[in-house]
Amino acid sequence: MVVRGARIRGREGLWDVGVRGGRIVEVSRRVGERGEEEFEAGGRLLAPNFFDMHIHLDSVLTLGDPRHNESGTLLEGIEIWSERRERLGVEEALERMREAVYWMVSNGTTYLRTHIDCTAPTDAAAEAVLRLREEVGDIMDIQVTAFPQSGILTDEGNVEMLERAVERWADNVGMIPHIEFTREDGVRSIEIAFELAKRYGKPIDGHVDETDDEHSRFLEVVAAKTIREKMFGRVSASHVTASHGYNGAYLAKLYRMLRRAEVTIIANPLINIHLQGRFDTLPKRRGMAPIKEMAGFGVNVALGHDCVMDPWFPLGIGSMLHALYVAVLVGHMTGYGELKRTFDLITVNAAKAYGVTDYGIEAGSRADFQILDGRDELEVLARLRPPLYVFKNGKLVCENTKHETKIHNNGKTVRIDPGKVPYLPD
Ligand SMILES: [Zn+2]
């Protein structure tokens, strides 16, 4: 297969990309050989596929079921979810997850990391996500994190539930120290997560300090544990929104620890700006971790979409361009050069934390790329349109025309309509 006439990040002019056996074999001004399949990029940006580093597939597309979140707070979302998760079923969860994955692929994301609630009363969501992984393996890479939504020490038996999930189905160990009852419990919950990570040889992917409370300082504990346990590069901390309220002197120390620990910070701009600041009087805080400053200090920063039409977020179509658009505005990353560099947050920085090493547009890399609707990062971000074509392992997996979106998976073609609200009748 050959794609002709594309722009590529970090290179001048137009390029052809040749693909064979799922790999990029040539990037040159003109690929001489004729491809069995040829695609014309027309001067558009050809970029590696996006990563969504934080998404809750178990709750996607449950908006309004059993009721809507009227306060817009994290805590009301958790209450609604604790009712909804009682009725989790494998088939219904699989159906919602599959739809969300199609939306994501149609928006150029072919790698995701999902949190699955391991303190839910049933294993239905875990079972569904494992079946999903088999079913959509051609179009999406899926990593699963065992996520103790209710806390590790808040109820008897939760430690065992987390361990069982790590042993049976999770790729990563999750935690949520700011939800634990006390500071001491929060610290202990981090220790438990690290003990499990070491025992089962798995990375850590935690919800950390997702609050406006500037006294929530579990990120420092995570960084210190990572350094002491020598888990460099194997720990991610999501949200860390409390850090937007830390003072400068403390942040300067924290950035150093994070860089040394090689902890990846995953901000979720859509959900952070929506859920945080709810207890502030005017002026209200921005709700997102200071990712510009963190990245400027050499900390690895990536992004997640987090929620798609669920108890925590009523909107979203699973587009990482939407997440990036909000991130650059909220994070003041809108200088011309820095705006273009922010594409790293949903591509190379995420690949590093995800453990994908053969990623990028060069000979030898896996042929996972898309043709975006714009000539450079700035045009793509300004337009917010889905990619024209998405390729995975050298195969066309999605095409977006003016009138429809087609997904090619497992020998079948499916037509989808991203953004269709689940509870509205046709
Ligand atoms: Zn989350």
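As a starting point, this report considers the structure included with it. (Residues numbered from 1 in each chain as written. Predicted model: local features only at pLDDT ≥ 70, side-chain atom pairs only at ≥ 80, totals over all residues. Heavy atoms only, no water.)

## Considering the sheet that holds strand 4 (residues 38-40)
Strand pairing in a sheet takes place through backbone hydrogen bonds and is either antiparallel or parallel in direction.
Item 1. The strand order 3-2-1-4 describes an open sheet built from four strands, whose pairing is mixed. Of all the strands in the sheet, the pair left with one neighbour each is strand 3 (23-28) and strand 4. Put simply, the sheet's adjacent strands are angled 20° from each other on average, direction ignored.
Item 2. For strand 1 (residues 2-6) and strand 2 (residues 15-20), the ladder comprises three bridges, and the chain directions are antiparallel. Note that in strand 2 the partner of Val3 across the bridge is Val17. (Pairing = 2+ DSSP bridges. Helix = DSSP H or I, 4+ residues; strand = E, 2+ residues; numbered from the N terminus. Axes fitted to C-alpha atoms, helices over the stretch in contact; angles between N-to-C directions.)

## Some points on helix 4 (residues 158-168)
Item 1. Those residues of helix 4 that sit buried are Asn158, Leu162, Ala165 and Val166. Looking down the long axis of helix 4, one finds its buried residues gathered within 100° of arc, a one-sided arrangement. Exposed residues on helix 4 whose side chains face more than 90 degrees from its buried face are Glu160, Glu167 and Arg168.
Item 2. Where helix 4 is buried, its residues touch strand 8 (141-147), strand 9 (172-173) and helix 5 (183-200). (Buried < 20%, exposed > 50% of the residue type's maximum accessible area, 1.4 Å probe, protein only. Arc of directions from axis to C-beta. Contact = heavy atoms within 4.5 Å.)

## Focus: the packing of helix 6 (residues 218-228) against helix 7 (residues 248-261)
Item 1. Where helix 6 meets helix 7, the axes come as close as 9 Å, and the angle between the chain directions of the two elements is 35°. As helix 6 runs across helix 7, the sense of the crossing is left-handed. Seen from helix 6, the contacting residues are Leu219, Glu220, Ala223, Ala224, Thr226 and Ile227; seen from helix 7, they are Tyr250, Lys253, Leu254, Met257, Leu258, Arg260 and Ala261.
Item 2. Counted by class, the contact of helix 6 with helix 7 contains nine nonpolar, one polar and three charged residues. (Left-handed = near helix turned anticlockwise from the far one by under 90°. Nonpolar A, V, L, I, M, F, W, Y, C, P; charged D, E, K, R; others polar.)

## Let's talk about the nonpolar core
Item 1. If you look at the biggest cluster of nonpolar residues, it comprises 112 residues, and the most contacted ones within it are Ile265 and Ile291.
Item 2. Built from parts of two domains, this core gets at least three residues from each of domain 1 (2-48 + 359-411) and domain 2 (50-354).
Item 3. With residues up to four places along the chain from it excluded, the contact list for Ile265 reads Leu219, Ala237, Val240, Leu258, Met294, Val299, Asn300, Val301 and Ala302.
Item 4. Listed in part, the 18 residues of the second largest apolar core include Trp15, Val19, Ala367 and Leu396. (Core = buried A, V, L, I, M, F, W, Y, C linked by side-chain atoms within 4.5 Å. Domains from an automatic or database assignment.)

## Notes on the pattern of salt bridges
Where charged atoms from two side chains of opposite charge approach closely, those side chains can pair.
Item 1. Under the counting rule described, the total for this entry stands at 38 salt bridges.
Item 2. For Glu163, the salt bridge goes to Arg199, with nearest N and O atoms at 2.9 Å. You can see Glu163 sitting in helix 4 and its partner Arg199 sitting in helix 5, a full 36 residues away along the chain. (Salt bridge = Lys/Arg side-chain N within 4 Å of Asp/Glu carboxyl O.)

Just geometry here; none of it tells us what the structure is for.
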